[in-house]
Amino acid sequence: MTDDVLIYEKSRPGRTGFSLAETDAGDKNVDALIPEKYLRAVPAELPEISKPELVRHYVEMSTRNHHIDKGFYPLGSCTMKYNPKINDTAAALPGFANLHPLAEEGNCQGALELMYNLGTMLAEITGFAGTTLQPVAGAQCELVGLLVIRAAMKKRGNVRKKIIIPDSAHGTNPASVIMAGYDVVQINSTERGILSADDVARVMDEETAGIMITNPNTLGLFESEIEQIARIVHDAGGLLYMDGANLNALLGHVKPADMGYDMVHFNLHKTFSTPHGGGGPGAGALSVTEELIPFLPRPMPAKDGGRYYLDNDRPDSIGRMHSFYGNFAVLLRAYTYICHLGSKGLNRVSENAVLNANYLKELLKGKYELPHDTICMHEFVLSGSQQKKRGARTLDIAKRLLDFGFHAPTIYFPLIVSEALMIEPTETESIESLDRFAAAMLQIDREIDKNLELVTSAPHNTPVKRLNEVQATKTLDISYKG
Ligand SMILES: *Cc1c(COP(=O)(O)O)cnc(C)c1O
């Protein structure tokens, strides 16, 4: 274990990690080459540190945190799969990495072609006709999708007032509905953990603009009544939004368009492998039916003969939703990932994701309650309620898992399962790592009877113990006061 010293405290005046070559002007003093008015009055407050110390500092920090390159990360709904390093190689190609966002179209044909092709591939994967790559997160896609629904409804003559959402939905769904100016109508899942078409029929009316359904849903279950639901919603003039965060379960096997949806969003950082979490950049994409393409944000990457360009001439568009083209470097990684795997590879992604989840579910369901005991898709939700009765809350189990070197599953979500433990192993885990995780979960279950304190006071092996998890957001202070 090394020090707990901030990089600013390691700073020593004059120490440096780089040196500049002598310029053509024969003058080593860069300041002399920059016009006076652009020079800083006060030096930037940056740490002065040698290169090896800099590298050590960050490598050491990276080992204190959990990450996918260090260990199993079964965070449900987040698809923490291994991110192939070839993605980063592609993103670092000078032609992409050095591209200026204001480059003339003629000078960035490759980047435009990549975006155009990626949009086409995503449309093909989902069975839709067109795709926007502008949103930078799943949540922003939801807003874009709802604004598209609003624009389409307006064009038809009535924007309507409400959107239907199941009780298993991700919290971003109702939030997006409100931001788009609609009211939320919540319907409950049945005992089977899925939606019933009859329940949708009961609330669907001429004042309802549509429905948002995650499929498979957040319980990891396939919404098998989706075709009937689509018919009911369409018959009443509504549109269907698919939250596609769980697309890892369907890739290559089911197309959202065939299920009757009108649009689907991608979390490119989840399904198509960009490191995410911890506030890093993500990217969304929204694919829609032919009828809805005119409403997608502008500009759209387009093609005219052999030339690629950004099409701004879109009079019915909901407008621009993000500066420039969204998070291009994440789009580039998603494109690399898709090309790298090919359609056969993408098929195997979902097959193995589903297989791994079912394997793990079977290992754990004897000791942890499984509220919906059926074949799951890419994830499943256990309840820690039996363990809670014996003195350990789900939070304690999650903390104890850290001692075994595993990231905890998603806990207390979805809200409809008490003491929920939502586990998504992903396709990139070996059977050995699944076995090790199951062994740790079963050991924790035994510890609750033998040594409860060990579980309720966990973690014991991590650099920090139980943190106040809300303080940092409530008293945000990121300034360094050295
Ligand atoms: C992750 C997720 C979202 C939100 O996506 P972000 O990219 O984090 O904004 C929405 N719905 C579901 C089901 C998700 O898992």
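Residues numbered from 1 in each chain as written. Predicted model: local features only at pLDDT ≥ 70, side-chain atom pairs only at ≥ 80, totals over all residues. Heavy atoms only, no water.

(A) How the structure looks around the pattern of salt bridges. Tallied over the full model, the rule gives 23 salt bridges. Taking the shortest distance from any N to any O, the salt bridge between K85 and D69 comes out at 3.0 Å. Here the residue K85 occupies a position in the loop between helix 1 (51-64) and helix 2 (86-91), and D69 occupies one in the loop between helix 1 and helix 2, the gap between them amounting to 16 residues. A salt bridge links K162 to D205; the shortest N-O distance between them is 3.0 Å. One end of the pair, K162, is in strand 2 (residues 162-166); the other, D205, is in the loop between helix 7 (197-203) and strand 4 (208-214), and 43 residues separate them in sequence. A relative accessible area of 29% means that D205 is categorised as partly exposed. It is possible to trace a salt-bridge network through shared partners that takes in K361, E362, K365 and D373. (Salt bridge = Lys/Arg side-chain N within 4 Å of Asp/Glu carboxyl O. Helix = DSSP H or I, 4+ residues; strand = E, 2+ residues; numbered from the N terminus. Buried < 20%, exposed > 50% of the residue type's maximum accessible area, 1.4 Å probe, protein only.)

(B) Just the sheet that holds strand 10 (residues 380-383), in detail. Spatially, three strands are ordered 10-12-11 in an open sheet, and the strand pairing comes out antiparallel. The sheet terminates laterally at strand 10 and strand 11 (410-411), the two strands that pair on one side only. One ladder, built from four bridges, connects strand 10 with strand 12 (residues 420-423); its direction is antiparallel. Bridging from a neighbouring strand, F380 pairs with I423 of strand 12. (Pairing = 2+ DSSP bridges.)

(C) Up close: the site of the ligand. The immediate surroundings of the ligand are formed by 13 residues, with S77, G138, D243, N267 and K270 found nearest. Between an oxygen atom of the ligand and a main-chain N or O atom of G138, the distance comes to 2.7 Å. Contacts to the ligand include N267, whose side-chain N or O atom sits 2.8 Å from an oxygen atom. Here the ligand, which alone exposes 380 Å², has 87% of that area covered by the protein. Every element with two or more residues in the shell around the ligand is listed here: helix 5 (138-156) and helix 10 (268-271). (Near = heavy atom within 4 Å. Polar contact = N/O pair within 3.5 Å; in protein donor to acceptor, adjacent residues only side chain to side chain. Areas by Shrake-Rupley, 256 points an atom, 1.4 Å probe, with all protein chains shown as cover.)

(D) Local environment of the domain arrangement of the chain. Each assigned domain of the chain is listed with its residue range as follows: domain 1 (7-64), domain 2 (87-341) and domain 3 (350-474). The straight-line distance from the C-alpha centre of domain 1 to that of domain 2 is 42 Å. (Domains from an automatic or database assignment.)

(E) Here's a closer look at unusual backbone geometry. Across the junction of N215 and P216, the peptide omega takes the value -5 degrees, indicating a cis bond. Along the chain, F413 connects to P414 via a cis peptide bond; the corresponding omega equals 0 degrees. One can find P414 in the loop between strand 11 and strand 12. Despite not being glycine, S273 has its phi angle at roughly 60 degrees, a positive value. Within the secondary structure, S273 sits in the loop between helix 10 and strand 7 (284-288). A relative accessible area of 0% means that S273 is categorised as buried. With a phi close to 50 degrees, E419 is a non-glycine residue in the positive phi region. Along the chain, the position of E419 falls in the loop between strand 11 and strand 12.

(F) Representation of the sheet that holds strand 3 (residues 183-187) in the model. Strand order in the open sheet made by the seven strands is 1-7-6-5-4-2-3, with mixed pairing throughout. Two strands close off the open sheet at either side, each with one partner strand: strand 1 (130-132) and strand 3. Taking each pair of neighbouring strands and ignoring which way they run, the sheet shows an average axis angle of 25 degrees. In the sheet, strand 2 pairs with strand 3 via five bridges, with the strands oriented parallel. Directly across from K162, in strand 3, lies its bridge partner D183. (Axes fitted to C-alpha atoms, helices over the stretch in contact; angles between N-to-C directions.)

(G) The pairing of strand 12, seen in detail. Burial along strand 12 is two-sided: A420 and M422 facing one way and L421 and I423 facing the other are all buried. Pairing of strand 11 with strand 12 involves two bridges; the strand directions are antiparallel. Within strand 12, the position partnered with T410 by the bridge is M422.

(H) View of the pairing of strand 2. Across the five residues of strand 2, four count as buried, placing the element largely inside the fold. Handedness of the crossover is the feature at issue here: the chain leaves strand 2, passes through helix 6 (residues 172-179), returns alongside strand 3, and the resulting connection is right-handed. Of the pairings in the sheet, the one linking strand 2 to strand 4 comprises three bridges and is parallel in character. In the strand pairing of strand 4, I164 is matched with I211. (Right-handed = clockwise from strand over helix to strand, strands pointing away.)

(I) Structural context of a nonpolar patch on the surface. On the surface, L33, I34 and Y38 cluster together into a nonpolar patch covering about 310 Å² of accessible area. The topology assignment puts Y38 in the segment before helix 1. A relative accessible area of 58% means that Y38 is categorised as exposed. (Patch = residues over 30% accessible without salt bridge, like charges linked within 9 Å, V, L, I, M, F, W, Y side chains within 5 Å.)

(J) Inspection of helix 8 (residues 226-235) at higher detail. Buried within helix 8 we find I226, I229, A230 and V233. Considered in projection along helix 8, the buried side chains sweep an arc of 100 degrees and stay on one side of the axis. Seen from the buried face of helix 8, the exposed residues on the opposite side, beyond 90 degrees, are E227, R231 and D235. If you follow the buried residues of helix 8, they end up packed against helix 7, strand 4, strand 5 (239-243) and helix 9 (256-259). G237 sits one or two positions beyond helix 8 and adopts a positive phi of about 80 degrees. (Arc of directions from axis to C-beta. Contact = heavy atoms within 4.5 Å.)

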